[in-house]
Structures are given as C-alpha cells and as structure tokens.
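Residue-level listing of the chains:
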Amino acid sequence: MAHLIAPSILAADFANLSKDIELVNNSNADWFHLDVMDGEFVPNISFGLPVIEAIKRHAKKTLDVHLMIIQPDRYISAFKKAGADVLTVHYEACPHLHRTIQAIQAEGMKAGVALNPHTPVSVLEDVIQDIDVVLIMSVNPGFGGQKFIEKTYDKIKKLKALIQSSGSSAIIEIDGGVGLGNYKQLVECGADVLVAGNSVFAAKDPLQAITELKKI
Ligand code: DX5
Ligand code: ZN
C-alpha cells in the first residue's frame, strides 16, 4: 500500500484547533493522530474525550487515537462514542492484551498496539494475527518534538518479517521524530503510516510539508 500520513494534533494550535483541522481536511494527509496522555503512564497530560468529540464534528478523515494511559480498558466504549476509528493501546499498559484487542474490535474500531522504544517486537508473536495496527514508538512517549531513535529501522524490519511469516494483515505505524529527513527510509523498511507532529505544524507551510511527506 502507499504510505499514509497522520498529522499529530498534539503539535497543533490548541487555541485555534478548527483552523488546523481544516488544514488537515484540505491536505493530502490520511488520518488525524490524537495523543491522549494521563500523566501516569507518561509524564505529561494532553487532552481527552471532550476534545476528541469536538474534533470528530469537523474532521473529514480517520481518527487515529493513541492512548498513553494506564488501564485503557475502562475507556474503550467512551472513545468509540467520542469518534475514534482506530484505537491504539500500549503493550506496556495491558496485562490482558488479547482481551483488550477483542474489546476494541467488538466496538467496531480497528485495534492498535503501541510498543515503547525498549519493548521488543517479539512480545507480539502470539497476538500479531489479531492486531490491525502496530505502532512503533520512535521516541519515548509523552512529548512532541523529540529526536528520532535510529534503532527503529531494525524494529520495523523485524516487525515486517513477523507480520509476513504469520500471515497477519497488521499495518505498521511509526510515531515520533518523523520528518523529511527520515520518512523515505522508514517507508523502505516497511512503514505504512507515518505520524508527523512538529514536522508538519511547525513547518512554514504545513500543507506543503504534508505533500512532501507523501512523496515516494
Ligand atoms: C509522543 C506522541 C506523538 C507526538 C509526535 O508521545 O505519541 O504522536 O505527537 O510528535 P513529533 O512528530 O513532533 O515527534
Ligand atoms: Zn502518538
């Protein structure tokens, strides 16, 4: 598949969200990436259900919700109601990951599983066939604008091999420090979805930045 671009609203202007939502609506981007942080799983607090519900009313593209929260099972139906299309939980926050994935899919959403930089791809061996999206964190979760971790290229290749050997239809999403300097190599390694926060919203011309990131 051609790779998808998911601008991360964490880097948008929160006092002027409708402007940035329209920007993404009118761009070549594919998904809205929405980062939910609880100040517990990660050392930062971002935004939650009411903001996502409001974004849903204006967004014309897939809502990709990345939960950086402990015990995400408590909020699966709430995020469905708020408008999530893809709901991603962290492997490190889910002692019963298989059950969590099933609960997300039972609500009619795509189920994503995110891996922190220290978590090897091999932990997904026994559950890869049930997952729709694997999100590889290429920075430590919690903040936008961090430096890309180079080890990510290897992880993508390993994950791609695992997906192919198991006959899984999971797609690979990369999140953190993605920009014009590394996006091509990420796609060559097997990435399907690229999250881009600062490389889009801090660019002089965000529309142009998205167009560039879509080029093969
Ligand atoms: C980090 C978030 C990312 C973040 C990426 O914890 O999961 O989605 O918004 O921002 P950039 O692209 O600026 O690294
Ligand atoms: Zn994210």
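Caption draft 1: Highlighting unusual backbone geometry. The phi dihedral of glutamine 71 falls on the positive side, at around 45 degrees, and the residue is not glycine. By the element assignment, glutamine 71 lies in the loop between β3 (62-68) and α3 (76-82).

Caption draft 2: The pairing of strand β4 (residues 86-90), seen in detail. Where burial is concerned, most of β4 is hidden: 5 out of the 5 residues are buried. Residues Val86, Thr88 and His90 of β4 are buried on one face, and the alternating residues Leu87 and Val89, pointing to the opposite face, are buried as well. With 3 bridges joining them, β3 and β4 adopt parallel strand pairing. Looking at β4, one finds that aspartate 64 is bridged to valine 86.

Caption draft 3: The arrangement of the coordination of the zinc ion (ligand 2) in detail. Distances from the zinc ion (ligand 2) to its protein donors, His33 (NE2), Asp35 (OD), His66 (ND1) and Asp175 (OD), fall within 2.0 to 2.3 Å. Each of the 6 donor atoms around the zinc ion (ligand 2) contributes to a set of angles spanning 70 to 171 degrees, which defines the coordination as octahedral. Each donor residue of the zinc ion (ligand 2) lies on the same chain, and together they follow the pattern H-x1-D-x30-H-x108-D. You can see histidine 33 sitting in strand β2 (residues 31-37) and its partner aspartate 175 sitting in strand β7 (residues 171-175), a full 142 residues away along the chain. Comparing histidine 33 with aspartate 175, the two get one shared label, buried.

Caption draft 4: Layout of the nonpolar core. One finds Ile52, Val65, Leu87, Leu124, Ile174 and Leu186 to be the most contacted residues of the largest nonpolar core, which totals 60 residues. In terms of residues, this core owes the most to one element, helix α5 (residues 152-166), which gives 5 residues. Other than its neighbours up to four places away in sequence, isoleucine 52 contacts Leu34, Val36, Phe47, Leu63, Val65, Phe79 and Ala82. Counting 8 residues, the second-largest nonpolar core is a separate cluster that includes Leu4, Trp31, Val86 and Val193.

Caption draft 5: A look at the site of ligand 1. If you check the shell around ligand 1, you find 20 residues, and the closest are Ser8, Asp35, Gly142, Asp175 and Asn198. With respect to ligand 1, the backbone of glycine 142 contributes an N or O atom lying 2.7 Å from an oxygen atom. Take glycine 177: an N or O atom from its main chain is 2.8 Å from an oxygen atom of ligand 1. Relative to its unbound accessible area of 380 Å², ligand 1 is 98% covered by the protein chains.

Caption draft 6: Local environment of the pattern of salt bridges. Evaluated as defined, the whole model comprises 5 salt bridges. Here aspartate 85 ties to lysine 56 by a salt bridge, and the two come within 3.3 Å at their closest N and O atoms. Placement of aspartate 85 in the loop between α3 and β4 and of lysine 56 in helix α2 (residues 49-58) is noted, with a sequence separation of 29 residues between them. For lysine 56, a relative accessible area of 33% gives the class partly exposed.

Caption draft 7: Broad picture of the sheet that holds β4. Across the sheet, which stays open at both edges, the 8 strands sit in the order β1-β8-β7-β6-β5-β4-β3-β2 with parallel pairing between neighbours. Because the sheet does not close on itself, it has two edges, and the strands there are β1 (4-7) and β2. If you compare each strand with its neighbour and ignore which way they point, the axes differ by 25 degrees on average. Pairing of strand β6 (residues 133-137) with β7 involves 5 bridges; the strand directions are parallel. Bridged to methionine 137 within β7 is aspartate 175. Contacts from α2 reach β2 and β3 within the one sheet, and its direction differs from that of β3 by about 165 degrees. Of the strands in this sheet, β6 and β7 touch α5, which is tilted by about 165 degrees from β7.

Procedures and definitions
Residues numbered from 1 in each chain as written. Chains lettered and ligands numbered in written order. Predicted model: local features only at pLDDT ≥ 70, side-chain atom pairs only at ≥ 80, totals over all residues. Heavy atoms only, no water. Helix = DSSP H or I, 4+ residues; strand = E, 2+ residues; numbered from the N terminus. Buried < 20%, exposed > 50% of the residue type's maximum accessible area, 1.4 Å probe, protein only. Pairing = 2+ DSSP bridges. Donors = N, O, S within 2.8 Å, 3.2 Å for Na, K, Ca; no water. Tetrahedral: all angles 85-135°; square planar, octahedral: opposite > 155°, others 65-115°. Core = buried A, V, L, I, M, F, W, Y, C linked by side-chain atoms within 4.5 Å. Contact = heavy atoms within 4.5 Å. Near = heavy atom within 4 Å. Polar contact = N/O pair within 3.5 Å; in protein donor to acceptor, adjacent residues only side chain to side chain. Areas by Shrake-Rupley, 256 points an atom, 1.4 Å probe, with all protein chains shown as cover. Salt bridge = Lys/Arg side-chain N within 4 Å of Asp/Glu carboxyl O. Axes fitted to C-alpha atoms, helices over the stretch in contact; angles between N-to-C directions.

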